[in-house]
Amino acid sequence: YFGHDYIPLKWYCLLVPVVAWFALPNADHVFKLTMVYAFFIYLSVYVAAQPWALSIKLPGDFSYGIYLWGWPAQQVVADMVPGAAPEVNAGLSMVLAVGAAVISWYLVERPSLALARTVNGHLKNLRASALARTVNGHLKNLRAWSHLQR
């Protein structure tokens, strides 16, 4: 993983933000929220780097859809649940974005990728036949030219 020389991936490093959370009970909300984010970010990287996690194969590639639908999902949640805490907005937005990403994968992205493969295959065949016609044309011209030279 990137940064492995500087960031150790040890399970006990997950305890740092947890201990900081409980060791400083009077800390402000921003500090506690930062510790929650630090915990989940580190947990995500830790789990993603495990051999068993690398072998998991999802039924689709939902990452682009999550990226694409993340911001609209947050806006919908902000509009539908005004005054929600950032944690609530993030949680609801994630559920909504992942759901939209799955639907988007099956209805738009996967069919588009299949169409692109088909079109690319046809274009490859067209290029190959055009190249063959060009080479054959040049060979005919060469033969005609060499015949004239005799």
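Here, the structure is the one placed above.
Just so it is clear, the model here is predicted, and its values are computed rather than measured.

A closer look at the side chain of Gln50
Topologically, Gln50 is positioned in the loop between α2 (29-48) and α3 (51-54). At 2.9 Å, the side chain of Gln50 and the backbone oxygen of Tyr46 are in polar contact.

Let's talk about the packing of helix α1 (residues 15-23) against α2
Between α1 and α2, whose axes approach to 8 Å, the crossing angle comes to 160 degrees. On the basis of their axis angle, the class for α1 and α2 is roughly antiparallel. Between α1 and α2 the crossing geometry is left-handed. Of the residues in α2, those touching α1 at Pro17, Val18, Ala20 and Trp21 are Phe31, Lys32, Met35, Val36, Ala38 and Phe39. Across the contact of α1 with α2, the residue classes break down as nine nonpolar, no polar and one charged.

Description of α2
Under the 1.5 Å per step criterion, the end-to-end length of α2 is 28 Å for 20 residues, consistent within 8% with the ideal 28 Å. Looking at α2, one finds that the buried residues are Lys32, Leu33, Met35, Tyr42 and Tyr46.

Re the packing of aromatic side chains
Considering all chains together, one arrives at five aromatic pairs under this definition. Plain terms: the ring middles of Phe39 and Phe40 are 5.2 Å apart, the flat faces sit at 85 degrees to each other, and that makes the pair edge-to-face. Taking 6.3 Å as the distance between ring centres and 55 degrees as the angle between the ring planes, the aromatic pair formed by Phe62 and Tyr106 counts as tilted. Of the two residues, Phe62 sits in the loop between α3 and α4 (63-80) while Tyr106 sits in helix α5 (residues 86-149), which places them 44 residues apart along the sequence. Of the residues examined, Tyr106 reaches a relative accessible area of 32% and is grouped as partly exposed. An aromatic cluster is present here, built from Phe62, Trp105 and Tyr106 joined pairwise through their rings.

With respect to the nonpolar core
Counting residues in each nonpolar core, the largest one holds five residues, listed as Leu9, Cys13, Leu14, Tyr42 and Tyr46. Those residues in contact with Tyr42 that lie beyond four places of it in its chain are Ile7, Pro8, Leu9, Lys10, Cys13 and Leu14.

Observations regarding the side chain of Ser104
Counting through the fold element by element, Ser104 comes out in helix α5. With a relative accessible area of 10%, Ser104 lands in the buried category. The contact partners of Ser104, leaving out residues within four places of it in the chain, are Trp69 and Glu109.

What counts and how
- Residues numbered from 1 in each chain as written.
- Predicted model: local features only at pLDDT ≥ 70, side-chain atom pairs only at ≥ 80, totals over all residues.
- Heavy atoms only, no water.
- Helix = DSSP H or I, 4+ residues; strand = E, 2+ residues; numbered from the N terminus.
- Polar contact = N/O pair within 3.5 Å; in protein donor to acceptor, adjacent residues only side chain to side chain.
- Axes fitted to C-alpha atoms, helices over the stretch in contact; angles between N-to-C directions.
- Parallel < 35°, antiparallel > 145°, perpendicular 65-115°, else oblique.
- Left-handed = near helix turned anticlockwise from the far one by under 90°.
- Contact = heavy atoms within 4.5 Å.
- Nonpolar A, V, L, I, M, F, W, Y, C, P; charged D, E, K, R; others polar.
- Expected span 1.5 Å × (residues − 1).
- Buried < 20%, exposed > 50% of the residue type's maximum accessible area, 1.4 Å probe, protein only.
- Phe/Tyr/Trp six-rings, centres within 6.5 Å; stacked < 30°, edge-to-face > 60°.
- Core = buried A, V, L, I, M, F, W, Y, C linked by side-chain atoms within 4.5 Å.

Any functional reading would require information beyond the geometric quantities listed.
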